[in-house]
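# Inside the fold
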Amino acid sequence: MAFEPTDYQPYDFANRRHIGPSPAEMDEMFAVLGVSGLDELIDQTVPKGIRQAEPLDFGAALSEREMLWRLEEVAAKNKVLTSLIGQGYHGTITPPAIQRNIFENPAWYTAYTPYQPEISQGRLEALLNYQTMVSDLTGLPVANASLLDEATACAEAMTMALRSSKSKAKAFFVDEGCHPQNIAVMKTRAAPLGIEVIFGAPSELDAEAVFGAIFQYPGTHGGLRDVSAEMTALHEAKAVGIVAADIMALCLLKEPGAMGADIAVGSTQRFGVPLGFGGPHAAYMACRDEMKRAMPGRIVGVSVDAHGNRAYRLALQTREQHIRREKATSNVCTAQALLAVMAGFYAVFHGPKGLRAIAERIHLKTVRLAEGLEAAGYVVGPEGFFDTITVEVGLLQRGILQAAVKEGINLRKVGRTKVGITLDETTRPATIEAVWRAFGLVRRDEGGAQGCRLPDALLRQSDYLGHEIFQMNRAETEMMRYMRRLADRDLALDRAMIPLGSCTMKLNAAAEMMPVSWREFAALHPYAPKDQAKGYAEMIRDLSDKLCAITGYDAISMQPNSGAQGEYAGLLTIASWQRARGEGARDVCLIPVNAHGTNPASAQMVGWKVVPVKCDAEGSIDLADFRAKAEQHSDRLAACMITYPSTHGVFEETVRDVCAITHEHGGQVYIDGANMNAMVGLSRPGDLGGDVSHLNLHKTFCIPHGGGGPGMGPIGVKAHLAEHLPSDPLGGEAGPVSAAAFGSPSLLPISWGYVLMMGGDGLTQATRAAILNANYIAARLSGAYDVLYKGGKGRVAHECILDVRPFEKSAGVTVEDIAKRLVDCGFHAPTMSWPVAGTLMVEPTESETKAELDRFCDAMLAIREEIRAIEDGTMDRESNPLKRAPHTMEDLVRDWDRPYGREQGCFPPGAFRVDKYWPPVNRVDNAYGDRNLVCTCPPMSDYADAAE
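The rules behind the values
- Residues numbered from 1 in each chain as written.
- Predicted model: local features only at pLDDT ≥ 70, side-chain atom pairs only at ≥ 80, totals over all residues.
- Heavy atoms only, no water.
- Helix = DSSP H or I, 4+ residues; strand = E, 2+ residues; numbered from the N terminus.
- Buried < 20%, exposed > 50% of the residue type's maximum accessible area, 1.4 Å probe, protein only.
- Axes fitted to C-alpha atoms, helices over the stretch in contact; angles between N-to-C directions.
- Parallel < 35°, antiparallel > 145°, perpendicular 65-115°, else oblique.
- Contact = heavy atoms within 4.5 Å.
- Nonpolar A, V, L, I, M, F, W, Y, C, P; charged D, E, K, R; others polar.
- Core = buried A, V, L, I, M, F, W, Y, C linked by side-chain atoms within 4.5 Å.
- Polar contact = N/O pair within 3.5 Å; in protein donor to acceptor, adjacent residues only side chain to side chain.
- Pairing = 2+ DSSP bridges.
- Patch = residues over 30% accessible without salt bridge, like charges linked within 9 Å, V, L, I, M, F, W, Y side chains within 5 Å.
- Areas by Shrake-Rupley, 256 points an atom, 1.4 Å probe, with all protein chains shown as cover.
- Salt bridge = Lys/Arg side-chain N within 4 Å of Asp/Glu carboxyl O.
- Lys, Arg positive; Asp, Glu negative; His and termini not counted.
- Charge placed at Lys NZ, Arg CZ, Asp CG, Glu CD.
- UniProt positions renumbered as here; feature names shortened; annotations may be inferred.
- Disulfide = S-S within 2.5 Å.
- Phe/Tyr/Trp six-rings, centres within 6.5 Å; stacked < 30°, edge-to-face > 60°.
- Lys NZ or Arg CZ within 6 Å of the ring centre and 35° of its normal.
- Arc of directions from axis to C-beta.

## A short note on unusual backbone geometry
- Of note, the bond from Gly381 into Pro382 is cis; its omega dihedral lies within 30 degrees of zero at -5 degrees.
- By the element assignment, Pro382 lies in the loop between strand E11 (379-381) and strand E12 (388-392).
- Along the chain, Ala885 connects to Pro886 via a cis peptide bond; the corresponding omega equals -5 degrees.
- By the secondary structure assignment, Pro886 is in the loop between helix H28 (850-872) and helix H29 (889-893).
- Although it is not a glycine, Thr504 sits at a positive phi angle of roughly 50 degrees.
- Structurally, Thr504 is set in the loop between helix H16 (476-488) and helix H17 (510-513).
- By relative accessible area, which is 0% here, Thr504 ends up buried.
- One non-glycine residue with positive phi stands out, namely Thr845, at about 65 degrees.
- Following the sequence through the fold, Thr845 ends up in the loop between strand E26 (839-842) and H28.
- Judged by relative accessible area, which is 1%, Thr845 ranks as buried.

## Side note on the packing of helix H3 (residues 38-45) against helix H25 (residues 748-781)
- At a closest axis distance of 10 Å, the pairing of H3 and H25 adopts a crossing angle of 75 degrees. Relative to H25, the element H3 is oriented roughly perpendicular. Residues Leu38, Asp39, Leu41, Ile42 and Thr45 of H3 lie in contact with H25, whose contacting residues are Gln765, Arg768, Ile771, Leu772 and Asn775.
- For the contact of H3 with H25, the residue count by class is 5 nonpolar, 3 polar and 2 charged.

## What about the nonpolar core?
- If you look at the biggest cluster of nonpolar residues, it comprises 202 residues, and the most contacted ones within it are Met133, Phe271, Phe345 and Ile818.
- Ranked by the residues each element gives to this core, the list is headed by H25, at 18 residues.
- Look past the residues within four positions of Ile818 in its chain and what remains in contact with it is Val804, Phe807, Val813, Leu840, Met860, Ile863, Ile867 and Leu882.
- Among the nonpolar cores identified, the runner-up in size contains 41 residues, and Tyr89, Leu147, Val265 and Ala315 belong to it.

## What about the side chain of Gln765?
- Mapped onto the secondary structure, Gln765 falls in helix H25.
- Within the structure, the side chain of Gln765 is placed 3.1 Å from the side chain of Arg768, a separation counted as a polar contact.
- Setting aside anything within four residues of it in sequence, one finds Gln765 in contact with Asn15, Ile19, Met26 and Leu38.

## Notes on the environment of Leu572
- Inspection of the secondary structure assignment puts Leu572 in helix H20 (residues 563-580).
- With relative accessibility at 16%, the residue Leu572 sits in the buried group.
- Remark: the alpha-carbon pair of Leu572 and Arg189, spanning 383 residues in sequence, is separated by 9.6 Å.
- Not counting residues up to four positions away in its chain, the partners in contact with Leu572 are Thr188, Pro192, Val606 and Val737.

## Describing the sheet that holds strand E8 (residues 283-287)
- Taking strand neighbours across the sheet as the criterion, the 7 strands line up as E2-E8-E7-E6-E5-E3-E4 in an open arrangement whose pairing is mixed. With partners counted over all chains shown, the strands left at the sheet margins are strand E2 (142-143) and strand E4 (196-200), one partner each.
- Looking at chain direction, strand E3 (residues 171-175) and E4 are connected through 5 bridges and run parallel. Within E4, the residue paired with Phe172 across the bridge is Val197.
- Set on the sheet, helix H7 (residues 121-138) makes contact with E2, strand E7 (263-267) and E8; between it and E8 the angle comes to about 60 degrees.

## Thoughts on a positive patch on the surface
- On the surface, Lys166, Lys168, Lys170 and Lys238 cluster together into a patch of positive charge.
- Here Lys170 shows up in the loop between helix H8 (150-164) and E3.
- Judged by its relative accessible area of 58%, Lys170 falls in the exposed class.

## Overview of the pattern of salt bridges
- Here the structure, examined in full by the defined rule, presents 50 salt bridges.
- Between Asp488 and Arg484 there is a salt bridge, with the nearest N and O atoms lying 3.0 Å from each other. On the criterion of helical spacing, the pair formed by Asp488 and Arg484 is a turn pair, its members being 4 residues apart in helix H16.
- Its relative accessible area of 35% is what places Asp488 among the partly exposed residues.
- Exposure remark for Arg484: the relative accessible area of 54% places this residue in the exposed category.

## Notes on the environment of Arg293
- Tracing the backbone shows Arg293 in the loop between E8 and strand E9 (299-304).
- Remark: the alpha-carbon pair of Arg293 and Pro382, spanning 89 residues in sequence, is separated by 38 Å.

## Quick look at the UniProt feature "modified residue: N6-(pyridoxal phosphate)lysine" (unreviewed entry) in the protein chain
- The positions UniProt marks with the feature "modified residue: N6-(pyridoxal phosphate)lysine" (unreviewed entry) are Lys699.
- Its place among the elements puts Lys699 in the loop between strand E21 (692-694) and strand E22 (715-717).

## Observations regarding the sheet that holds strand E14 (residues 412-414)
- Taken together, 4 strands build an open sheet; the order of strands is E11-E12-E15-E14 and the sheet is antiparallel. For this open sheet the edge positions go to E11 and E14, each flanked by a neighbour on one side alone. Taking the axes of each pair of neighbouring strands and ignoring which way they run, one obtains an average angle of 30 degrees across the sheet.
- Here E12 runs beside strand E15 (residues 418-422); their pairing, made up of 5 bridges, is antiparallel. Residue pairing in the sheet places Val391 in a bridge with Val419 of E15.

## Looking at the state of the cysteines
- Applying the stated criterion across every chain yields a total of 0 disulfides.
- Just so you know, Cys640 is unpaired, no disulfide at all, and the nearest cysteine sulfur is the one on Cys659, 6.1 Å from it.
- A relative accessible area of 0% means that Cys640 is categorised as buried.
- No disulfide involves Cys906; its sulfur sits 11 Å from the nearest other cysteine sulfur, which is in Cys825.
- The exposure class of Cys906 is buried, given its relative accessible area of 0%.

## Section: the packing of aromatic side chains
- Throughout the structure, instances matching the rule amount to 18 aromatic pairs.
- For the ring pair Phe277 and Phe742, a centre distance of 6.2 Å and an interplane angle of 20 degrees mean the geometry is stacked. A residue pair is termed long-range when its members are at least 10 positions apart, and Phe277 in the loop between E7 and E8 and Phe742 in the loop between E22 and H25 qualify at 465 residues.
- We classify Phe277 as buried; its relative accessible area is 7%.
- Feature note: the residues Phe277, Trp518, Phe521, Tyr536 and Phe742 constitute an aromatic cluster, connected by ring pairs.
- If you follow Arg443 out to its NZ or CZ, it ends over the ring of Trp436, 5.1 Å from the centre.
- Above the face of the Phe58 ring, Lys546 is positioned so that its terminal group lies 5.5 Å from the ring centre.

## Things to note about helix H22 (residues 623-632)
- Taken together, the buried positions of H22 are occupied by Asp625, Phe626, Lys629 and Ala630. Down the axis of H22, the sector holding all buried residues measures 130 degrees, keeping them to one side. In this structure, H22 carries Ala624 and Gln632 as exposed residues pointing more than 90 degrees from its buried face.
- If you follow the buried residues of H22, they end up packed against strand E17 (588-592), strand E18 (609-613), strand E19 (637-643) and helix H23 (655-664).
- The backbone nitrogen of Ala624 lies 3.2 Å from a side-chain oxygen of the residue at the head of H22, namely Asp622.

## Quick look at the pairing of E8
- Among the 5 residues in E8, 5 count as buried, and that is most of the element.
- Alternating positions in E8 separate into two faces, Ala283, Met285 and Cys287 on one and Tyr284 and Ala286 on the other, with burial throughout.
- As paired elements, E2 and E8 share 2 bridges and run antiparallel to each other. Residue pairing for E8: Val142 is matched across the bridge by Cys287.

Structure follows, in structure tokens:
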């Protein structure tokens, strides 16, 4: 027989690894849909009038190996020096057990935000550990589960103070010792809200003139000050006091709560989270108990399940933006959950004794460094410090900075005559000696500093991390098993499809993830000289060019740290452009009710008034209502915010009309990129009339969700807006939205690697497959469930909304009952009650195989039959598998007193027999958790009771 070579391409990443359905499976799906192929389906789904003219062309797609070679080549252009720049960023040692078992573990990084608590108990416990750590170290009773970075946390604290203060003042005091990036981001946030920012030394504070004040502790140049007197003055004036504190310094220094602070914020980066050229890092926020309902971000709380067992959940969720819209506390839609988990585990790993020892070593190394410089005649300040000193060097500044670089060290330029130095836990004796050499000294670090330079009055008197979880045996075997136990409690993408609508839970390929841990990307300080970050610059430039080609925009800013922050940055860009044209009075934003949930909150943050626009019976924008409101507000129309395709899962054919009407009345068009996974390669928002869009790199471009962060929300703009994009935070002036110029750039190798391996054809095919998968689910479930909205030819986009509202009347079954029953089947539920209350929004993405789609459909059809049995009266209306879901292993082995069998309850269609996922708790009581709010770790006896 003649040899015939195969045409199979084993290294075709797009079609062999990323896209789930094989060609043969697609043919089976076409038969169900009644189409001849993808071309016919796309023609029925995506209106021809919005299709892009030219296909994406990035050249040949790379294999996994070729992509990694390319990234290695680019990474090598980054020069990783020892950075002693400080300014809120520090070298740190990530314990290998945490790097391997958390940071690089898909059980942790592929999970979604824990809105479904029964399948999220592991990461909820880990985040509760983090909150307890923050609460203990700050001396404040309530902490949230992280914010985006320290600078945005400062801005959030400022607006939280505005909401909470009883003072009638409209000004806010900022300590001149704050980090420049914190000052810049606070200025950006303050301007559109009409907040006057007053700068000065703490001693210059006029408490009667402000609604709040923030103090950096230690200051950006190392100074230490007890602000207890300032806090007293603020409270007497009914104002709010905030401290931005270094979390490591608090292991030795008097905590903000002991000074009377109302709010504390900061970064937990130095608790084991790599520098990453600026991020991602978890910022923290803690506050007094009476302020907790004004706190932005997520809060993990303790509640009970249906059997009274302890269970964790997200507390006080009615504060969140997708519920309160323009009345929300902020537009925060995500956090930095994965990084918060790492920081929390760092504290568990080291315990209070370890953290104190690390902090002491850092301080004593800094003292030794200062003593050597002082012995040589240099003037070193401040008198009291933790890890940062500032040295007066006069005209020697430039030479010393250059000499340090030759020694492999970056120091901080302070003014024209000073040099700043910040040490950290990675500092070795050789590092100290190299710094001395840069200052012209030849001296050996023999260890043994002469004494402590912490002021006696600021030495911490209180204990911290007394909870048993921080006292556990820190042998790595124990730590490894604890991390594994928590991971096993959760359901992430490594177990099953997560069909959350508007969340795009697609594959986060191992090859894409690998470079994130490389030293060349992970160990670079965000304020390192540009010639040390040439690899980052090349990657960002190429990825930006590709994103512009994908979206039809002319410029990209990578600065926003999340999708919601991208929205905010985009609206600020529009507002800046309008002010430059003398149209700063424009302050009305039209937002259709089918737009993304964060949009109204983002518009409110830039000082705009939200005017809702109706939808028609098909779920599309009511064009007549849109036109009428645009005409009504023509003189003040700033922008419209639309989501495309809409959150109803439909490509609206009137999108160009909406854009034209907005432009006709002087407004700009913001197209939310939340649903870009249905557009890449088929349609470009910039061609439709969009002026600005954000892209969720943690959705469409494969950055994992991390259990609730990290994310990135870069914005693309048309040319006329480019000069108004977010500015460099190092300038200290209004304009930036994040602490680092490129947000969380160590995540960008993921998206860049994805685009390189997919190529233009692969990206387009992925979009087509996402639309195929959504329509296949809609078709298979038709007859059992009504799909609420469809396009003109009966198709949905990349997601569909299942209407389950009739079942509450016919069978007493709610959308929550169905969501919890899906847990028994081994699935994370689709998005519940958003954007339409009482419905389920399903988005399967392109990465799921037909087998997994069928398993989900089988589960949903079986659930419909259980509902039918209730409707027919053959199943009890109150005690049935839906009402009692989810079922735990404890339910299986305890006395069975239910009118349905164990088999039906615990092993419904869709559930695996051998590898079944068992939720660790029964249905969680949400109301109990909010009535009895506990946001720190409960006593260890509770853990023992639960284990028994």
